[in-house]
Amino acid sequence: MYVTKTNAAPRKETENMTTSKPFLHTPKGYDSSHFRLPNFQSFYGSDFSSFFGGHGSGSASAQFPSFPANNFFGGTGFFSCTPQVGPCTKSKYRSIDGSCNNLNNPNLGVANTPYGRLLPPKYSDGVQAPPVSVTGHKLTSPRQISAVLFPDAKAPDPRWTLALMQYGQIITHDMSLAAGTTQGKAHATRCCGQGLRQALPEHSRNPACFPIDIPNHDPVYSKAGIGCMEFVRTNNDVSQGCNSGQKPAEQITAVTHYLDSSNVYGSSQQVADSIREFQGGRLRVELKYGRQFPPSNNNKSAICDHVSESEACYLAGDVRVNQNPQLTVFQILQLREHNRLARELARLNPHWDDERLYQEARKIAIAEHQAVTYNEWLPLILGQETTQRNGLTYNTQDFTYDYNEQVDPSVLNDHATAAFRFFHTNIAGFLRLYDEHRSSFSALRLSDHFNRPQIIEEGNNFDDLARGMHTQPQEASDKFFTKEITLFLFRNGRPLGQDLRAIDIQRARDHGLASYNDYRHYCGLPRAHTFDDFGDLIDPESVQKLASLYHHPDDVEFTVGGSLEAIVPGALVGPTFLCILTEQFYRTRSGDRFFFENGQKDTGFTLEQVNEIRRGSISRLICDNADDVKSMQPRGFEQISHTNPVVPCSLIPAPSLEPWREHSQAQQTAQIAVQPQEGTQSFTLPFFK
Ligand code: HEM
Ligand SMILES: [Ca+2]
């Protein structure tokens, strides 16, 4: 069944699903001009109700009471995979942990629940151990695959700015975090079958040859750039694993699955409360020379690298906030945007209390983030045609009416552990600094500043970095990855660091992802029976390398094959990853009852409010929240050109908060007296009594 935007309404679920079954959305209507998805039957039978953490069954939590959170990462132990949720109250606002979004299945999308999956895992023992070659051979070390197939070659993207990549990382951090893998330092957590959650101990990693750290004095590296080449045991490949006979292990993601700015607000009440000011609806900030920065992290030495007590190391809704300077800049812009909204709302509605201001500002800030993600970012990444045809974007001034409670919003393992990581290709090794005239005078080396955000507070760096990422090109979408992440990741002052591409490959093994061929098949592309068959989408040189690295075409990993595909015209990714990403972003919007455009009666915005939010943009975010950026090009993800010139911020459209004003008698009288001022952007000036 194919449903296209041109001849039918956006796709809707039609299966007769009951609450006792897992909510797996089956991708029926996927379509693009280049390839089509077949009708797809969910591989999970109806007896898998406990597979995704027991959604709908409730039995797991009854049998295995949940353990205190502080035990969670503290070594091997079993915990409930079903969050204790509900009963749900009818709230106008999202919960912090994602619960009660889907009123029939309040656990859906909640933080610390398993990823979803499109294709069943392929563990070599059926339940937990990473896949090995179908011919029984060991797989080549991820580090070697990375070095052979994904070398560095500088090729700036002809059209898009580094902000496009950087906002992608914000989106990613909003959507998922493999529990325990933060900064590559900690250990994994997963759900075994039967709703058991297991924290794996640190020593389950073989310290003798962790495949990803490149030893500083590695003789092999110095010759061949390979580093540690042995195949090693991984997190999942441990003896204290899930008991045999159980259903396969499922990895857990620590943040809310929804696109709800959980990176800003936190995914647990505890974190959310720790970053609130509890005054005026604002989030906590530290003021430095009148500029707002996030509060200081109490755990600096564990979270940041190279930190003296005086160096900045921030606390935010997401633990990865300090990971790289541009990411931190965006997080700070989002934080300041919340506080800006809270202040504006307080002026419009002086009778609102802290809680009301916090919730309303949060709701608007999340909506602005969804608007930028879906209307500005995704069409560039997936291609406009793909987003339009598959119900990801709508060209309308009306509501979209596309919430579907049958859609499972869970972030898919296939997406987060393979497809979405492809955009590591767009990372640039150097971050250029640009002044207001768009002259560049210096650049930061990325690996000098991993987990070390102090640099952004110095001088005008904050603005120069903000302008810089909207001026400098991102790296092109191709099979090349900058050495700053494949050789120097988290090097923390050492000459060499880790290899993110190798980590991506290793992590996908650990999560038991099916093969590249399986995903080709899933996406309606032919399976390759010989290595040469991959030549339909992959260049001959890479096909040859695949043949040298793998024993059989079925051994080729999804992360690897998918990253070598030719880019779909109009998009920034190859066809198989595009298919998975499209499915994910369809679920993320239509499975979210609070999605800003969908016109839900009790929770949504008025149409007038929605259309104000639609006026927002990435450039507006910079104009409103950088320290002193006075001009931007209108389309910030697109490089500056004569069709996208830098203009004064006053010419960049801005949402008006006027539709949020609650009209009391006194205010109505006052409004007549105070007319909106000519020439100011649409934010209404505060009303002075
Ligand atoms: C400077 C930029 C970036 C750096 C340094 C970076 C680094 C990392 C690191 C260290 C991990 C954890 C790897 C692991 O232990 O498995 C990770 C995970 C990931 N990255 Fe990136 N990344 C960057 C940008 C991006 C971008 C632009 C995207 C996509 C648009 C992206 C998508 C992902 C995804 C989906 C994951 C897995 C999240 C999860 O745990 O579920 N990253 N990245
Ligand atoms: Ca989230």
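Starting afresh in each chain, residues are numbered from 1 along the sequence in its written order. By the order in which they are written, chains take letters starting at A while ligands take numbers starting at 1. Given that the model is predicted, a residue must reach a pLDDT of at least 70 before its local features are reported, and side-chain atom pairs must reach 80 or more before they are shown or counted; all residues, however, enter totals for whole chains, interfaces and linings. Only hydrogens and water are set aside when side-chain values are computed; all heavy atoms of the structure are taken into account.

Some details on the UniProt feature "binding site: heme b" (unreviewed entry) in the chain
Keep this limit in mind: UniProt positions are given in the numbering used here, feature names are shortened, and annotations may be inferred rather than shown by experiment. The secondary structure listing takes helices from DSSP runs of H or I that are at least 4 residues long and strands from runs of E that are at least 2 residues long, numbered from the N terminus. For this analysis, residues touch if any pair of their heavy atoms sits within 4.5 Å.
UniProt annotation of "binding site: heme b" (unreviewed entry) refers to His424 when read in the numbering used here. Relative to the helices and strands, His424 resides in the loop between helix 11 (413-416) and strand 9 (430-434). Beyond its immediate stretch of four places on either side in the chain, His424 contacts Phe481, Ile485, Leu500 and Asp504.

Points about the site of ligand 1
Where we set the bar: For this description, a residue counts as near a given molecule or strand if any of its non-hydrogen atoms is within 4 Å of it. Think of a polar contact as two N or O atoms within 3.5 Å of one another; within protein, one of them needs to be a possible hydrogen donor and the other a possible acceptor, and neighboring residues in sequence only count if both atoms come from side chains. Here the term cavity refers to a set of points on a 1 Å grid, laid over the protein atoms alone, in which a 1.4 Å probe fits but cannot get out; the term pocket refers to an open set having protein on both sides within 12 Å along at least five of seven lines, with lining residues being those that place an atom within 4 Å of a point. The way we define it, a molecule is inside a pocket or cavity when more than half of its atoms are within 2 Å of that pocket's grid points. By the convention adopted, Pro, Cys, Tyr, Trp, Phe, Met, Ile, Leu, Val and Ala count as nonpolar, Lys, Arg, Asp and Glu as charged, and the other residues, Gly among them, as polar.
The environment of ligand 1 is formed by 22 residues, the closest being Tyr115, Ser176, Ala178, His424 and Arg507. In this structure, Ala178 approaches ligand 1 through a main-chain N or O atom, which is 2.6 Å from an oxygen atom. Measuring from an oxygen atom of ligand 1, one finds a side-chain N or O atom of Arg507 at 2.7 Å. A molecule is said to occupy a pocket when more than half its atoms come within 2 Å of that pocket's grid points, and by this definition ligand 1 occupies the largest cavity. Among the elements of the structure, helix 3 (162-175) and helix 14 (500-510) are those that each provide at least two residues to the shell around ligand 1. When the residues that make up the shell around ligand 1 are grouped by side-chain class, the tally is twelve nonpolar, eight polar and two charged.

Quick word on empty space enclosed by the protein
In this approach the atoms are scanned with a rolling probe the size of a water molecule, which exposes any empty space left behind. Operational definition: Grid points are joined across faces, edges and corners, and a volume is the space filled by probe spheres set on the points.
Evaluated as defined, the whole model comprises ten cavities of 30 Å³ or more. Forming the walls of the largest cavity are 43 residues, and the residues nearest its centre are Gln169, Thr172, His173, Gln323 and His424. Among the secondary structure elements, those contributing two or more residues to the lining of the largest cavity are helix 3, helix 9 (354-382), helix 11 and helix 14. Broken down by element, the residue count for the lining of the largest cavity peaks at eight residues, all from helix 3. Its residues assigned to classes, the lining of the largest cavity comprises 22 nonpolar, 17 polar and four charged. A volume near 210 Å³ is recorded for the second largest cavity. What lines the second largest cavity is a set of 18 residues, among which Glu337, Ala365, Glu368, His369 and Leu621 lie closest to the centre. Contributions of two or more residues to the lining of the second largest cavity are made by helix 5 (262-265), helix 8 (325-348), helix 9 and helix 20 (618-625). The residue inventory of the lining of the second largest cavity, partitioned by class, reads eight nonpolar, five polar and five charged.

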